[in-house]
Amino acid sequence: MKAAAEEIERPSALKSIDGGGSVSVCHGPDRGGDHAGFYDVEAVRADFPILGETMHGYPLAYLDSAASAQKPFQVIEAEYAFYARDYANIHRGFYVLSQRATELYDQARRKVQAFLNARHEHEIVFTRGATDAINLVAASFGEAFLNEGDEVLLTGLEHHSNIVPWQLLREKKGIVLKAAPVNDAGEVPLDEFIRLLGPRTRLAAFAHVSNVLGTVLPIAEMIRAAHEAGAKVLIDAAQSVAHMKIDVQALDCDFLVFSGHKLYGPTGIGVLYGKEELLDAMPPYQGGGDMIASVSLERTTYAPLPAKFEAGTPPIAQAVGLGAAINYVTAVGLHRIGAHEAGLLAYATERLSAIKPLTIVGTAVQKASVLSFVMDGVHPHDIAQMLDSRGVAVRAGHHCAQPLMARLGLPATVRATFGLYNTTAEVDALTEALEEVEVMFLQ
Amino acid sequence: MSDSVELYPKAVLDHGRHPRNRRAIADCSHFARSDNPSCGDDVAVSLRIDRGNVIRDAAFDGRSCVLATASASLMTELLVGKTPAQAKMLFQRFHALAAGDTEKFKDGMDVESARMTVLSGVHAYPVRMRCATLAWKTMLAALENERSQQ
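Just so we're clear, the structure is a prediction, and the values are computed from it rather than from any experiment.

Calculation criteria
Residues numbered from 1 in each chain as written. Chains lettered and ligands numbered in written order. Predicted model: local features only at pLDDT ≥ 70, side-chain atom pairs only at ≥ 80, totals over all residues. Heavy atoms only, no water. Helix = DSSP H or I, 4+ residues; strand = E, 2+ residues; numbered from the N terminus. Buried < 20%, exposed > 50% of the residue type's maximum accessible area, 1.4 Å probe, protein only. Contact = heavy atoms within 4.5 Å. Buried area = accessible area lost by both parts, 1.4 Å probe. Salt bridge = Lys/Arg side-chain N within 4 Å of Asp/Glu carboxyl O. Polar contact = N/O pair within 3.5 Å; in protein donor to acceptor, adjacent residues only side chain to side chain. Core = buried A, V, L, I, M, F, W, Y, C linked by side-chain atoms within 4.5 Å. Phe/Tyr/Trp six-rings, centres within 6.5 Å; stacked < 30°, edge-to-face > 60°. Pairing = 2+ DSSP bridges. Right-handed = clockwise from strand over helix to strand, strands pointing away. Axes fitted to C-alpha atoms, helices over the stretch in contact; angles between N-to-C directions. Lys, Arg positive; Asp, Glu negative; His and termini not counted.

Enquirer: Give a detailed account of unusual backbone geometry, specifying residues and quantitative values.
Expert: Residues and elements named next belong to chain A. A cis amide bond links Leu305 to the next residue, Pro306, at an omega of -5 degrees. Residue placement: Pro306 occurs in the loop between strand 12 (300-302) and helix 11 (316-332). The backbone of Asp290 sits at a positive phi, close to 75 degrees, despite the residue not being glycine. Counting through the fold element by element, Asp290 comes out in the loop between helix 10 (276-281) and strand 11 (292-295). Judged by relative accessible area, Asp290 falls into the buried class, the value being 16%.

As structure tokens, this is what we get:
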């Protein structure tokens, strides 16, 4: 059966990048994408309707993709087409629509599988987001494998979503939490991490990329070290998945999580990748429909993977939208996206460094798409407010990483983040607005 | 920056840069501290209320953005000479102003509280409401928190 949701024709960046063809044919990994050459950012921008908006009379410079990325029409229309033509609840439907919806939902899972290079389709569990996925692992892996005195090793730069679920588990089971320290540059030195791996470390859970500083952690080495110590590893890829290629088999991580909405996909959907043998050994996270094989009032047998972890009606249209988002970034090419963003980060670092009262926070050698800064004598909230009046959208605050902020000795920073659609002109708009902030508040 | 000029008129920038009464009151009779968890700002308000139930001195201290600082600075100036009941009414009026409720703000307004209008721009920015009212809410808490006199 041919599902209809992707049969949408429109002019698109993907055509100019691919040199022809339509968006609906981009199934293979890196098709047309990852060769060197001209990155047509204007063609990419044309795919994102919201980027045409003006704010307070200025063109929108959206520099907050790390909080949530904007959506290309390919994603918007995939959801629209799904609701308009293919929608029904999935599984056990005897009618065509339900079968079609089921097929599209399963197809989205296979796209995620290919995207992460997971060995099996059923190692991909759809969740509400990265937060939900970490909570699932904390509750379920924690229930099965963690006992009093067992250690979970985090790092000092984690997002609250990779701290609080483990603290909740600590209250329940008496586990011990440790955190690898962060140095002044915002890096997690590998030797410090290794030093904290002990005989009781059962799990190491850490970010791939810091949402505050953009630090790229040496996850391949960290995973290897954790495995040598006998610990399992969870990677929070929320901030990396839209910027670099991830191969869960090459990394050999045990769990990996990300959110759809930071990957130019819909809100309300995320992914938990887990190794088959672990997911098989873990108890269900939530009980309900769809996660069972059979139920009597005395006893329930659980469904096989991945349904065991997907109780209730899942975010079906959002899964379809996520599949379209994966098609999109894959067609543009993650290596090319990463290179484009690295260029923007270098340019922004150079331009902002020229503003005297401004200090860039986070100077890791390996850094991706995030630029945090403070300005001597001006509060981050006032900066962000003034930038907004110039159409520049940034975030200011503690970025849900208060332990890291405490380590840095800062209550808040301003954070500009770059995505595949950002331009040097937007960096210029940011710089000019910051120069105005300087004049207004400091002179 | 047309829009944000409303939010940061000269008087606000002046209070933000040169806040009045940013200090502690050693012999304060009332004190409270609170924070804005969304940005890490914190403010402490101390008051000295005399036996005749009049606020004789008001001060604030802490770490905050220009809006919160200017609002706190202005508040400490307006509080001196007021009774606690008048201070609460002043807060009601300020809250109305920040919420954009002009009618309620103007109701019974005196010349002194008209000075608050420099902060009227905040009503267009709901997320900044907490910045503008942080010191005021702390002041209300301070009124309920009399320090034991020994």
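Enquirer: Go over the interface of chain A and chain B, please, and point to the residues and values.
Expert: Facing 19 residues of chain A, the contacting portion of chain B comprises 20 residues. Buried area between chain A and chain B, summed over both chains or domains, comes out near 1700 Å², and the portion from carbon and sulfur atoms is 56%. Seen at the junction of chain A and chain B, the total is one salt bridge. Ionic pairing is found between A:Asp382 and B:Arg128, a salt bridge with its closest N-O pair at 2.8 Å. There are nine residue pairs in polar contact (both at pLDDT 80 or more) connecting chain A and chain B.

Enquirer: Help me get a handle on the nonpolar core, residues and values and all.
Expert: In globular proteins that are soluble, nonpolar side chains generally tend to be buried together. Judged by nonpolar contacts, the single largest core of 78 residues is most densely connected at A:Leu116, A:Phe206, A:Leu256, A:Phe258 and A:Leu420. The dominant element in this core, judged by the number of residues it contributes, is helix 11 of chain A, at eleven residues. In this structure A:Leu256 touches A:Leu116, A:Ile235, A:Ala237, A:Ile246, A:Val248, A:Val271, A:Leu272 and A:Tyr273, once residues within four positions along its chain are discounted. Core analysis: the next-biggest nonpolar cluster, separate from the first, contains 72 residues, A:Leu358, B:Tyr8, B:Val45 and B:Met139 among them.

Enquirer: If you had to explain the packing of aromatic side chains to someone new, which residues and values would you point to?
Expert: How two aromatic rings sit relative to each other is given by the distance of their centres and the angle of their planes. Residues and elements named next belong to chain A. Within the structure shown, the criterion is met by 13 aromatic pairs over all chains. Note on Phe48 and Tyr328: the rings are 5.7 Å apart at their centroids and 85 degrees apart in plane angle, and the pair reads as edge-to-face. Separated by 280 residues along the polypeptide, Phe48 in the loop between helix 2 (41-45) and strand 1 (54-55) and Tyr328 in helix 11 bring together distant segments of the chain. Grouping residues by exposure puts Phe48 and Tyr328 together as buried. Centre to centre, the rings of Tyr105 and Phe126 are 5.3 Å apart; their planes meet at 50 degrees, and the pair counts as tilted. Linking Tyr105 in helix 4 (residues 96-116) with Phe126 in strand 4 (residues 124-127), this pair joins segments that are 21 residues apart in sequence. For Tyr105, a relative accessible area of 0% gives the class buried. Connected via pairs of aromatic rings, a cluster forms that spans Phe48, Tyr264, Tyr328 and Tyr421.

Enquirer: Describe the environment of A:Ala114, and please don't skip the residues or the numbers.
Expert: Residue and element names in this part refer to chain A. Along the polypeptide, Ala114 turns up in helix 4. Here Ala114 falls in the partly exposed class, since its relative accessible area comes to 43%. Remark: the alpha-carbon pair of Ala114 and Glu79, spanning 35 residues in sequence, is separated by 21 Å.

Enquirer: Could you give an account of the pairing of strand 8 (residues 232-236) of chain A, naming the residues involved and the relevant values?
Expert: All names here are of chain A. Along strand 8, four of the five residues are buried, which leaves the element largely enclosed by surrounding structure. Alignment of strand 7 (residues 201-207) against strand 8, held across five bridges, turns out to be parallel. Across the sheet, the residue bridging to Phe206 is Ile235, located in strand 8. Following the backbone out of strand 7, through helix 8 (residues 219-228) and into the adjacent parallel strand 8, one traces a crossover that is right-handed. As paired elements, strand 8 and strand 9 (residues 255-259) share three bridges and run parallel to each other. If you follow Asp236 over to strand 9, its bridge partner there is Val257.

Enquirer: Any chance you could break down the sheet that holds strand 6 (residues 176-180) of chain A for me, citing the residues and the numbers?
Expert: All names here are of chain A. The seven strands are arranged 4-10-9-8-7-5-6 in an open sheet whose pairing can be described as mixed. The two strands at the open ends of the sheet, each matched to only one other strand, are strand 4 and strand 6. Across the sheet, the mean angle from the axis of one strand to that of its neighbour is 20 degrees, orientation sign disregarded. Of the strands in this sheet, strand 4, strand 7, strand 8, strand 9 and strand 10 (270-274) are in contact with helix 5 (residues 130-145), which crosses strand 9 at around 155 degrees.

Enquirer: Any details on the pairing of strand 11 of chain A? Residues and values, ideally.
Expert: Residues and elements named next belong to chain A. Judged from the three bridges that link them, strand 11 and strand 12 form a sheet pairing that is antiparallel. Within the sheet, the bridge partner assigned to Ile292 lies in strand 12 and is Tyr302. Once strand 11 ends, the chain turns through four residues before running back antiparallel as strand 12.

Enquirer: I'd like a rundown of the environment of A:Ile76, residues and numbers included.
Expert: Residues and elements named next belong to chain A. Within the secondary structure, Ile76 is located in helix 3 (residues 73-86). Sequence-wise, Ile76 and Ala325 are 249 residues apart; in three dimensions their C-alpha atoms are separated by 9.4 Å. Sequence-distant contacts of Ile76, that is, excluding residues within four places in its chain, are made with Pro49 and Lys71.

Enquirer: Give me the lowdown on the side chain of A:Glu341, citing residues and values where you can.
Expert: All names here are of chain A. By secondary structure assignment, the location of Glu341 is in helix 12 (residues 334-353). Of the buried charged residues, Glu341 lacks a salt bridge, with Arg45 as the closest side chain of opposite charge at 11 Å. Residues within four places of Glu341 in sequence aside, it is in contact with Ala242, His243, Tyr264, Ser369, Phe418, Gly419 and Leu420.

Enquirer: Quick one: what's the story with the pattern of salt bridges, residue by residue and with numbers?
Expert: Residue and element names in this part refer to chain A. Scanning the model with the defined rule gives 29 salt bridges over all chains in all. For Asp64, the salt bridge goes to Arg395, with nearest N and O atoms at 2.8 Å. In this pair, Asp64 is assigned in the loop between strand 3 (61-62) and helix 3 and Arg395 in strand 16 (residues 395-397), connecting sequence segments 331 residues apart. Judged by its relative accessible area of 5%, Asp64 falls in the buried class. Between Arg92 and Asp290 there is a salt bridge, with its nearest N and O atoms 2.9 Å apart. Placement of Arg92 in the loop between helix 3 and helix 4 and of Asp290 in the loop between helix 10 and strand 11 is noted, with a sequence separation of 198 residues between them.

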